[in-house]
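Architecture and fold: a report
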Amino acid sequence: MATLLRALRAGRALRGLGGALAAPPATNPQCSSLRRGFQCSMLRLQDESKSDRPPDSSSTTYHEHYQAHSTEQDTTTASHGASAAEPEAEDAPRPNTSYQDQSGEQGEEYETEEQLQARILTAALEFVPQHGWSMEAIASGAETLGLSSASTGMFHNGSGDLVLHFIAQCNSQLTEILAEQHKQVQLGQAEPKKTADFLRDAVETRLRMHIPYIETWPQAMSILLLPHNIPDSLKHLSTLVDDIWYYAGDRSTDVSGSHHPRSPPSSAHTFLSPFHHHPHNIRPATLQMNWYTKRAALTGIYNTTELVMLQDSSADFEDTWNFLDNRIQDVVNMASTAKQVQSTGEAVVQGLMGAAVTLKNLTGMNQRR
Amino acid sequence: MQRAAHTALYDWSHVLGPAMIRQCLTCRAPLQLSSRAYSVIPPPRDTEEKEMLDRILRVDHAGEYGANRIYAGQMAVLGRSRTGPLIQEMWDQEKKHLEKFNEILAENRVRPTALLPLWNVAGFLLGASTALLGKEGAMACTVAVEESISEHYNSQIRALMEKDPERYTELLKVIKEFRDDEMEHHDTGLEHDAETLPGYWLLKNAIQLGCKAAIYVSQRV
């Protein structure tokens, strides 16, 4: 009797489910939790839209699918109640990408929250010249994707998120460009540049990415200076500088002078290094500190040039690039001066030692009696 | 080249997917710049592993660097004495170790410790001052330092073996080789009358304490 009742209840629930879900339920597993239900229905709808018509562009697919999805919202809540009674029957074929895979990897038909945020922020960048780096821009971006402007609730840091996202995008684009150039050099299709030129080109390329947003860039910079954004912006800056030096061929912990057979002897090795590499004289920390001093120097150059760019009104920012050239020259000069000072110092020390030995000889102290 | 870069710029929104950006940020594994396929460190799977490997490499690099400077200090004092050639030989082996770590650090974009100038000076002073105590002093210093380093390498080997011996075979091989060399130096030091130094026990423990502190700090800074 009890089993009969249970079967009836289950049957009713199933029928309820079948009615609530408009999409063809047959091939898809029943989803037990609300979140899973939400995501499963997204999946189903995506399937549907994919099978029904070939998507011409990803944005319209998402647009339709989201609109279709919003009508599903109420039905999924209804199905939640029913499906809660259902035992968890998650069939194997669908990869369970809901919680575990938050690393940003593209699931098959699946999007994580991070990716969705990234898409919204990218879309929001269009509206930055109009609304500045603010929640309005994000809201407008979300609307372009067909999402409601309330989805800005996802972004707790609002404009900070937007600016950081933009910076991250610029940095990875720069990295791509540098990697491409490096590949060209390795394939022999391009000449390796001298370090100073390489740095100048890299910084210029990176700063040019700000040009479309130059009007609002002061606002962005001030957002980056907010205390809760500082750690992230510093991290981005340090990875940017590290990447540029890496592609410039910097291998500055290499003290011993042995050339790696793979990398062409790059001028970055001797750029800023006070000594020629001396195999048996592992002169110290100055060469190791190169790792830090190079990055510090480049950070200084990049930041000051960025500031200059903000108030540059010349054609195509000529003044900024001249400023950049001059700063890099300064660093080069300083490095060669340091080199000179140190070799002078060495020579002086040797002279003193010679004088001391001479004195000892003269006074007879060197004799063993 | 620049113009191409500039035109590429304006298509960035379509070129880059968000996933790639995350990957670029989270996993800054060595991009394949080297033409050689062989690498001592496996490309890290995630930031946690990268951090762990970074620490290991950073402290090992600092250790070899310090050892170099210690031998340099000893040579500066005892270079022309009878023990000169012996110290020189041990120094040469340390130079090889340092070279290897330099290579690894550069390839894997590991940040060297910022305290290197400090280890430079401290190491040299330690080597020179113990050498001033005579040959036994220099040998005692060698014994103390090499014992610390071997212990340190051993604990690293244990940690890596616990994690995943298969994945880190190359790195383990390198560390084991270096540990064996350091043990050899330790034994050489003992052979050459290190223990006959008055105050040996005190000196040895003081130096080992210093080494432990240096290791702790170099991992983090």
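Everything that follows concerns the structure shown earlier in this document.
The text that follows walks through the structure, step by step, so that each part is easy to find. (Residues numbered from 1 in each chain as written. Chains lettered and ligands numbered in written order. Predicted model: local features only at pLDDT ≥ 70, side-chain atom pairs only at ≥ 80, totals over all residues. Heavy atoms only, no water.)

Some words on the overall build of chain B
In terms of helices and strands, chain B carries 9 helices and 0 strands. The buried share of chain B, reckoned over its 221 residues, is 51%. For chain B, restricting intrachain contacts to residue pairs at least 6 apart in sequence, the fraction spanning at least 24 positions comes to 81%. Put simply, chain B shows about 10700 Å² of open surface, and 58% of that area lies on carbon and sulfur atoms. (Helix = DSSP H or I, 4+ residues; strand = E, 2+ residues; numbered from the N terminus. Buried < 20%, exposed > 50% of the residue type's maximum accessible area, 1.4 Å probe, protein only. Contact = heavy atoms within 4.5 Å. Areas by Shrake-Rupley, 256 points an atom, 1.4 Å probe, with all protein chains shown as cover.)

Notes on the pattern of salt bridges
Using the criterion set out here, one finds 17 salt bridges over all chains in the structure. Residues joined in a network through salt bridges with shared partners are Lys193, Arg200, Asp201 and Asp325 of chain A. (Salt bridge = Lys/Arg side-chain N within 4 Å of Asp/Glu carboxyl O.)

Some thoughts on unusual backbone geometry
The residue Phe317 of chain A is not glycine, and still its phi comes out positive at about 60°. The topology assignment puts Phe317 of chain A in the loop between helix 13 (290-310) and helix 14 (318-363). We note that Arg109 of chain B has phi near 55°; this positive angle belongs to a residue other than glycine. Relative to the elements of secondary structure, Arg109 of chain B occurs in the loop between helix 5 (84-108) and helix 6 (116-132). Its relative accessible area of 10% is what places Arg109 of chain B among the buried residues.

Thoughts on the packing of helix 4 (residues 47-78) of chain B against helix 5 of chain B
All names here are of chain B. Running from amino to carboxyl end, helix 4 crosses helix 5 at an angle of 155°, the nearest separation of the two axes being 9 Å. Looking at the two axes, helix 4 sits roughly antiparallel to helix 5. Note that helix 4 runs across helix 5; the crossing there is left-handed. Taken together, the residues of the contact of helix 4 with helix 5 break down into 14 nonpolar, 8 polar and 5 charged. (Axes fitted to C-alpha atoms, helices over the stretch in contact; angles between N-to-C directions. Parallel < 35°, antiparallel > 145°, perpendicular 65-115°, else oblique. Left-handed = near helix turned anticlockwise from the far one by under 90°. Nonpolar A, V, L, I, M, F, W, Y, C, P; charged D, E, K, R; others polar.)

A word on the packing of aromatic side chains
For the coordinates displayed, the defined rule picks out 8 aromatic pairs over all chains. A centroid spacing of 5.5 Å and a plane angle of 50° characterise the contact between Trp133 of chain A and Phe166 of chain A, whose relative ring orientation is tilted. Of this pair, Trp133 of chain A sits in the loop between helix 5 (128-131) and helix 6 (135-144) while Phe166 of chain A sits in helix 7 (residues 159-186); the two residues are 33 residues apart in sequence, bridging distant segments of the chain. Phe166 of chain A gets classed as buried once you look at its relative accessible area, which sits at 0%. Following the ring pairs from residue to residue traces out a cluster consisting of Trp133, Phe166, Tyr213 and Trp217 of chain A. One Lys or Arg, Arg295 of chain A, reaches over the ring of Trp291 of chain A and ends 4.2 Å from the middle of that ring. Sitting over the face of the ring of Trp91 of chain B, Lys95 of chain B holds its NZ or CZ atom 4.1 Å from the ring centroid. (Phe/Tyr/Trp six-rings, centres within 6.5 Å; stacked < 30°, edge-to-face > 60°. Lys NZ or Arg CZ within 6 Å of the ring centre and 35° of its normal.)

Scope: geometric values only; no functional claims are made or implied.
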